[in-house]
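# Observations on the model geometry
Letter by letter, the chains look like this.
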Amino acid sequence: MTTAAPARPAHLEAKRRRVLALGALALGAFGIGLTEFVVVGLLGPLGEDLKVSIPTAGLLVTGYAASVAIGAPIMTAVGANLPRKTMLVVLMALFIAGNALAAVATTYGTLMTGRIVSALCHGAFMGIGPIMAASLVAPEKRSRAIALMMTGLTLANVIGVPFGTALGQQLGWRAAFWAITVIGAVALAAILAFVPARAGDKGAGLRGEIAVFRRPQVWVVLTITMLGWGAAYAAITFLEPLLTRVSGFETSTVPWLMLLFGVGLTAGNLLGGRLADRAVMPALYGTLTAATAALVVFAFAVHSPVPAAIMVFVIGAAGFAMVPVLQTRVLDAAEGAPSLASSVNASAFNVGIALSAWFGGLAIDADWGLTAPIWIGVAMGLAALAVTAVASRRT
């Protein structure tokens, strides 16, 4: 005679469901982060196979980032009347289709089309996903929930990109896109199975979502995101030449330093979530200050290998600590209709990356030296702090 297993206590079952739901969202973020960055390590094989130059192959990165920035508000607006879970499912299906198209591409144009299709879901997913993550937990834990979801993005850099690059180099670049397609399919299944569909879980409709942009604080947060994340990426964009040509590291050492950088990203992300749950505005000031100060130190430390390696970790931690803080702040500023504002915030991250990379490239071309982008990052960080200070005094 068998006896039934004892029922799991209700609070433990609820916790299990929250963990599974957050894991599903994090897996989606992992796939999205992987598809954005894995191309960087495969530009050579891609260029040779599709018979295009390396600069032309590099446009696969630029085209993706531009599509994220443009597509985030458009896709979110299109789905403004859909339940958020339904919208996440649609976005992941689009992500799978885009990567599958990239995997079977035999021409550069088809590959770029696949990249653009998958990029269209990126900003909207990373805008709606944090809202869903925050809704799964008590209000005082929402920033940590957002950080846990964002851990998928950081792990994509730490684990996913090196693995995807190795896979693409060993089995052909298409294998990397097939792997991402499979990850997307698993993430879709997990979202369907574990992310709860809540009653009334919709945006405020397109008119309501647009209406929040009448609030000055929404624009302030978007500006801070653009400047703050641009500051962090001013050094990150040119990290490889800085480490090899200024610090003196061998090229073979760079992947290990990037792994150290990725560990910093993950640690900073989780720390930023905890700080934001305690007090959002002090966390915003603190993370912006830490990121800017880290760049100042790095500008001097980069000339010596050991201090430079230490600062690679610190820059990653200080920079990504801003992410859950900024994401929480935009949810506060757009309270009542946060979906579109949160997605536009994802666009602001990418605009910041594009601007800092552009300014940094101009500075290097002007013979200001490879460390010039770091000082551009410092200037952007100080500007972000100034905007934060002025806005705080007026509220």
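Residues numbered from 1 in each chain as written. Predicted model: local features only at pLDDT ≥ 70, side-chain atom pairs only at ≥ 80, totals over all residues. Heavy atoms only, no water.

The condition is simple: UniProt positions are given in the numbering used here, feature names are shortened, and annotations may be inferred rather than shown by experiment.
Per an unreviewed UniProt entry, the recorded name for the protein chain is MFS transporter, and the organism is Glycomyces mayteni. As stated in UniProt under Subcellular location (unreviewed entry), the record for the protein chain gives "Cell membrane".

## Here's the deal with the overall build of the protein chain
Spelled out, the test is: The way it works is that DSSP assigns letters per residue, a run of H or I at least four long becomes a helix, a run of E at least two long becomes a strand, and they are numbered from the N terminus. A radius of gyration in this sense is built from C-alpha atoms; the matching globule rule multiplies 2.2 Å by the number of residues raised to 0.38. Per-residue accessibility, obtained with a 1.4 Å probe over protein chains only, is compared with the maximum for each type, and a residue is labelled buried under 20%, exposed over 50%, and partly exposed between these values. In this description, accessible areas are obtained by the Shrake-Rupley approach with a 1.4 Å probe, and a residue is regarded as covered only by the protein chains that are shown.
Along the protein chain, the regular secondary structure elements total 16 helices and 0 strands. The C-alpha atoms of the protein chain give a radius of gyration of 21 Å, which matches the 21 Å a tight globule of 395 residues would have. In terms of overall dimensions, the protein chain has a C-alpha envelope of 70 × 55 × 50 Å along the principal axes. Counting across all 395 residues of the protein chain, residues that qualify as buried make up 54%. Carbon and sulfur atoms form 69% of the exposed surface of the protein chain, whose accessible area is close to 16800 Å².

## Points about the nonpolar core
If you look at soluble globular proteins, the nonpolar side chains tend to sit buried side by side. Filter applied, for reference: Definition of nonpolar core: a set of buried residues of the types Ala, Val, Leu, Ile, Met, Phe, Trp, Tyr and Cys, connected through side-chain atoms within 4.5 Å. Any two residues having at least one pair of non-hydrogen atoms within 4.5 Å are treated as being in contact.
Leu 111, Phe 125 and Phe 298 are the most contacted members of the largest nonpolar core, which totals 125 residues. Ranked by residue count, the leading element in this core is helix H5 (residues 108-135), at 13 residues. Aside from chain neighbours lying at most four places away, what touches Leu 111 is Leu 46, Leu 50, Leu 60, Ala 102, Ala 105, Trp 173 and Phe 177.

## Focus: empty space enclosed by the protein
Condition: Every definition here rests on a 1 Å grid over the protein atoms only: cavities are sets of points where a 1.4 Å probe fits but cannot get out, pockets are open sets enclosed by protein on both sides within 12 Å along at least five of seven lines, and lining residues have some atom within 4 Å of a point. Grid points are joined across faces, edges and corners, and a volume is the space filled by probe spheres set on the points. Think of it as three bins: nonpolar holds Ala, Val, Leu, Ile, Met, Phe, Trp, Tyr, Cys and Pro, charged holds Asp, Glu, Lys and Arg, and polar takes everything else, Gly as well.
By the definition in use, this model includes 3 cavities of 30 Å³ or more. Approximately 290 Å³ is the volume found for the largest cavity. Taken together, 19 residues form the lining of the largest cavity, with Glu 36, His 122, Leu 153, Trp 229 and Phe 349 sitting closest to its centre. For the lining of the largest cavity, the secondary structure elements donating two or more residues are helix H1 (10-37), H5, helix H6 (142-171), helix H9 (216-236), helix H11 (254-278), helix H14 (322-333) and helix H15 (339-365). Residue contributions to the lining of the largest cavity peak at 4 residues, all from H15. Here the lining of the largest cavity is built from residues that sort into 14 nonpolar, 4 polar and 1 charged.

## A closer look at helix H2 (residues 43-50)
What counts is decided by this rule: In this context, the arc is that of the directions from the helix axis out to the C-beta atoms.
Inspection of H2 places Leu 43, Leu 46, Gly 47 and Leu 50 among the buried residues, and these make up the whole buried set. Relative to the axis of H2, the buried residues are bounded by an arc of 95° and lie together on one face.

## What about the packing of aromatic side chains?
Test applied: Ring pairs shown here join Phe, Tyr and Trp side chains whose ring centres sit within 6.5 Å, with only the six-membered ring taken for Trp; geometry is labelled stacked below 30 degrees between planes, edge-to-face above 60, and tilted in between.
Here the structure, examined in full by the defined rule, presents 7 aromatic pairs. Taken together, a centroid distance of 5.4 Å and an interplanar angle of 55° make the contact between Trp 229 and Tyr 233 tilted. A residue pair is termed a helical-turn pair when its members lie 3 or 4 positions apart in one helix, as Trp 229 and Tyr 233 do in helix H9 at 4 residues. Look at Trp 229 and Phe 349: their rings are 5.6 Å apart centre to centre, the planes differ by 85°, and that puts the pair in the edge-to-face class. Highlighted residues: Trp 229 in helix H9 and Phe 349 in helix H15, separated in sequence by 120 residues. You'll find Trp 229 and Phe 349 in the same group, each marked buried.

## As for a nonpolar patch on the surface
This is how it is decided: Residues forming no salt bridge and having over 30% relative accessible area are the ones grouped into patches, like charges within 9 Å of each other and nonpolar side chains (Val, Leu, Ile, Met, Phe, Trp, Tyr) within 5 Å. Each salt bridge in this description consists of a side-chain nitrogen of Lys or Arg and a carboxyl oxygen of Asp or Glu lying within 4 Å of one another.
Together, Trp 256, Leu 259, Leu 260, Val 263 and Phe 313 give the surface a local cluster of nonpolar side chains, amounting to about 450 Å² of exposed area. Here the nonpolar patch takes 4 residues from H11, the largest share from any one element. Residue placement: Val 263 occurs in helix H11. We classify Val 263 as partly exposed; its relative accessible area is 41%.

## Some words on the environment of Pro 139
With respect to the element layout, Pro 139 can be found in the loop between H5 and H6. C-alpha of Pro 139 to C-alpha of Asp 277: the two residues are 138 residues apart in sequence and 8.5 Å apart in space.

## So, the pattern of salt bridges
Under the counting rule described, the total for this entry stands at 3 salt bridges. The partner of Arg 174 in a salt bridge is Asp 49, and the shortest N-O contact between them spans 3.0 Å. Residue Arg 174 is found in helix H7 (residues 173-194), and its partner Asp 49 is found in helix H2; the two are separated by 125 residues along the sequence. Between Asp 332 and Arg 142 there is a salt bridge, with its nearest N and O atoms 2.5 Å apart. One end of the pair, Asp 332, is in helix H14; the other, Arg 142, is in helix H6, with 190 residues separating them in the sequence.

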